[in-house]
Amino acid sequence: MTGSPTAARQVLTGGTVLTMNARRDLIADAAIVLDGPVIAYVGAASGVRVEPADIRVDCRGLLLMPGLVNAHTHTAMGLYRGLAEDRPRSGWAPARYALPHLERARPEDYYHGALVGAVEMLLNGVTTIADRGGSMDVMAEALDAAGIRAVVAHTLHDIDRPLELERARRVLARWGTDPRARVHAGLGPHAPDTCSDALLRQVRALAGDSGARIYIHCAQSDLELATVRARGYAGAVHCLHGHGILGPDVVAAHCLYLGAGEIALLAATGTWVAHCPASNAKIEARIAPVAAMLAAGVGVALGTDWAPTNNTMDLFDEMKTAGLLGKVAADDAAAIPAARLLEMATVDGARALGLADVCGSLEPGKRADIVALAMDELHLHPWHDVAANLVYAAKGQDVRHVWVDGRRLVRDRRPVHVDTAALREETTRIWRRLGAAPRDPRARG
Ligand SMILES: [Zn+2]
């Protein structure tokens, strides 16, 4: 894998910078100086002298913003895009979230699936992900090769599926839990309905020993709620609370079915919520009570969830969906302002993942995770309101360049270090081996 060299200083000049710093400064005719993987300067272009040895990048016509943070995804499931359409809510129940052919997939298939997911997200301006799934030992290697920033959690269940604690421990040992490492490990218990009480307590103990943060699905389906109630809990959040799982080091994805007192419990414990509105609407026909969560002081980040139920890994889309469905759910057109949605996808996403000092805003000392977005496209004109344009008009396809840790991974909308044609061929080969004819109509006949 090769990227732009990070030894020389890179000077990004002439663009408009949306810092997402505490003052939310917006700087026209700006410069950002990258010293290796770290941001050394953000400010007026006139404040920087470009030296002959510097790599100068002309950013006129571009908006430079922090790379987006996807707080809940399953990269490898990009292989299954389009295979779980229009099922009834209970259609997911019998096999507990199963997808066709999943049982025949090999670990190496997940490597390519994770690579597809990571490259798609980089092209859409997502530079940091909280990824989870089985085969995370293999997937994490792909994410590392893709250059994306990732916290990786191997999924743990012990109800209906074998517990793979040793594999999760191997992921922890391989990647460590230091948030400054571009790829580092978290713990990924699946959900309250697939993890026993004993496993939840074991995960909390392991988090204490390892320093890993905890990533879990929570209250994501009516099936889950019924299962948890049958075990004697009033709700999924109460179940997690009973085993010490809630806390500021926990990201609970979905949180659709919340009962009395559960929003207050999330707020009181400082637990983060990864809100996944597109996926929730598609497979559960439901939206989380985000306006109520925000009013109660719950920290909310955004996630795409997986490709089978979204079907795009585009956080610009996700911001828009969160805004629209959030207004409908709250019966309040003023609910969840665009500026708030932008925070969920940047600074708050970084805080949720324990990366507040690492990324989420463009400030000196932070890692250089930067997205350059074309400002001059007609569908983005004019720029009366930057947040509104980014949330309601922009698309991932508007992203031109992407840097992670100062490495330029996307240049002029092309990944510089991954052969996308070869990747497409490989995933087609995987589907043939799994015994499923590719449904791509071009492959028929
Ligand atoms: Zn999920």
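Residues numbered from 1 in each chain as written. Predicted model: local features only at pLDDT ≥ 70, side-chain atom pairs only at ≥ 80, totals over all residues.

## Quick word on the overall build of the protein
Condition: Helix and strand labels come from DSSP, where a helix needs a run of H or I of at least four residues and a strand needs a run of E of at least two; each type is numbered from the N terminus. In this treatment the radius of gyration is a C-alpha quantity, and the globule benchmark scales as 2.2 Å times the residue count to the 0.38 power. The burial criterion counts other C-beta atoms lying within 10 Å of a residue's C-beta, which is placed from the backbone; the residue is buried at 20 or more, exposed at 12 or fewer, and partly exposed between these limits. Contact between two residues is assigned whenever their backbone-derived C-beta positions fall within 7 Å.
When you go through the protein residue by residue, the secondary structure sums to 14 helices and 18 strands. Relative to a compact globule of 445 residues, whose C-alpha radius of gyration would be 22 Å, the protein shows 21 Å and is just as compact. Based on the C-alpha atoms only, the size of the protein along its principal axes is roughly 65 × 55 × 45 Å. Within the protein, the proportion of its 445 residues that are buried is 53%. Contacts in the protein between residues far apart in sequence, at least 24 positions, make up 73% of those at least 6 positions apart.

## Focus: the sheet that holds strand 14 (residues 299–302)
We count it as follows: A pair of strands counts as paired when DSSP detects no fewer than two bridges linking them. Only the stretch in contact is used when a helix axis is fitted, and all axes are lines through C-alpha atoms; the angle between N-to-C directions ranges over 0 to 180 degrees.
One open sheet accounts for 4 strands, arranged 11-12-13-14; its pairing is parallel. At either end of the open sheet lies a strand with only one pairing partner, and these are strand 11 (214–218) and strand 14. Adjacent strand axes in the sheet meet at a mean angle of 30°, parallel and antiparallel pairs treated alike. Strand direction decides the pairing type here: strand 12 (residues 250–254) and strand 13 (residues 272–275), joined by 3 bridges, are parallel. By the bridge assignment for strand 13, valine 251 is matched with tryptophan 272.

## Overview of the domain arrangement of the protein
Stated precisely, the cut-off is as follows: The domain limits used here are those given by an automatic or database domain assignment.
In terms of domains, the protein is made up of domain 1 (9–66 + 362–412) and domain 2 (68–352). Once you take the C-alpha centre of each, domain 1 and domain 2 turn out to be 29 Å apart. Counting residues at the interface gives 20 residues for domain 1 and 22 residues for domain 2. Elements represented by at least two residues in the side of domain 1 that touches domain 2 include exactly strand 15 (370–374), helix 13 (386–393), strand 16 (399–404) and strand 17 (407–411).

## A look at the confidence of the model for the protein
Note the cut-off: Values of pLDDT, which run from 0 to 100, indicate the predictor's confidence residue by residue.
With 94% of its residues at a pLDDT of 70 or more, the protein shows a mean pLDDT of 93. Across residues 1–6, where pLDDT falls below 50, the model places 15 contacts with residues more than four positions away in sequence or in other chains.

## Re the pairing of strand 16
Of all 6 residues in strand 16, 6 are buried, a share of seventy percent or more. Two strands pair when backbone bridges link them, and strand 15 and strand 16 are joined in this way by 4 bridges, in the antiparallel orientation. Among the inter-strand pairings, valine 371 is bridged to a residue of strand 16, identified as valine 402. Relative to strand 17, strand 16 is paired through 3 bridges, and the arrangement is antiparallel. Bridge pairing links valine 402 to valine 410 in strand 17. Taking the residues between adjacent antiparallel strands as the criterion, strand 16 and strand 17 are bridged by 2 residues, where aspartate 405 takes a positive phi near 55°.

## Quick notes on the packing of helix 2 (residues 136–146) against helix 3 (residues 165–175)
Defined as follows: Small angles under 35 degrees read as roughly parallel and large ones over 145 as roughly antiparallel, with 65 to 115 read as roughly perpendicular and the rest as oblique. Note on residue categories: nonpolar means Ala, Val, Leu, Ile, Met, Phe, Trp, Tyr, Cys or Pro, charged means Asp, Glu, Lys or Arg, and polar means any other residue, Gly included.
At a minimum axis distance of 9 Å, the contact between helix 2 and helix 3 shows a crossing angle of 30°. When the axes of helix 2 and helix 3 are compared, the pair comes out roughly parallel. Across the interface between the two elements, Met136, Asp137 and Ala140 from helix 2 touch Arg167, Arg170, Val171 and Trp175 from helix 3. For the contact of helix 2 with helix 3, the class distribution of residues is 4 nonpolar, no polar and 3 charged.

## Some thoughts on the nonpolar core
Rules: What we call a nonpolar core is a set of buried Ala, Val, Leu, Ile, Met, Phe, Trp, Tyr and Cys residues whose membership is set by joining through C-beta atoms within 7 Å.
Ile32, Leu64, Leu122, Met139, Leu143 and Val152 are the most contacted members of the largest nonpolar core, which totals 139 residues. The element contributing the most residues to this core is helix 1 (residues 107–123), with 10 residues. A domain-level breakdown of this core finds at least three residues from each of domain 1 (9–66 + 362–412) and domain 2 (68–352). Discounting chain neighbours no more than four positions away, the residues touching leucine 143 are Thr75, Ala114, Ala118, Asp131, Ile148, Ala150, Val152 and Val183.

## Regarding the environment of alanine 267
One can find alanine 267 in helix 7 (residues 262–269). Once the C-alpha coordinates of alanine 267 and histidine 154 are considered, the two residues, 113 residues apart in sequence, prove to be 27 Å apart. Not counting residues up to four positions away in its chain, the partners in contact with alanine 267 are Ala296, Gly297 and Val298.

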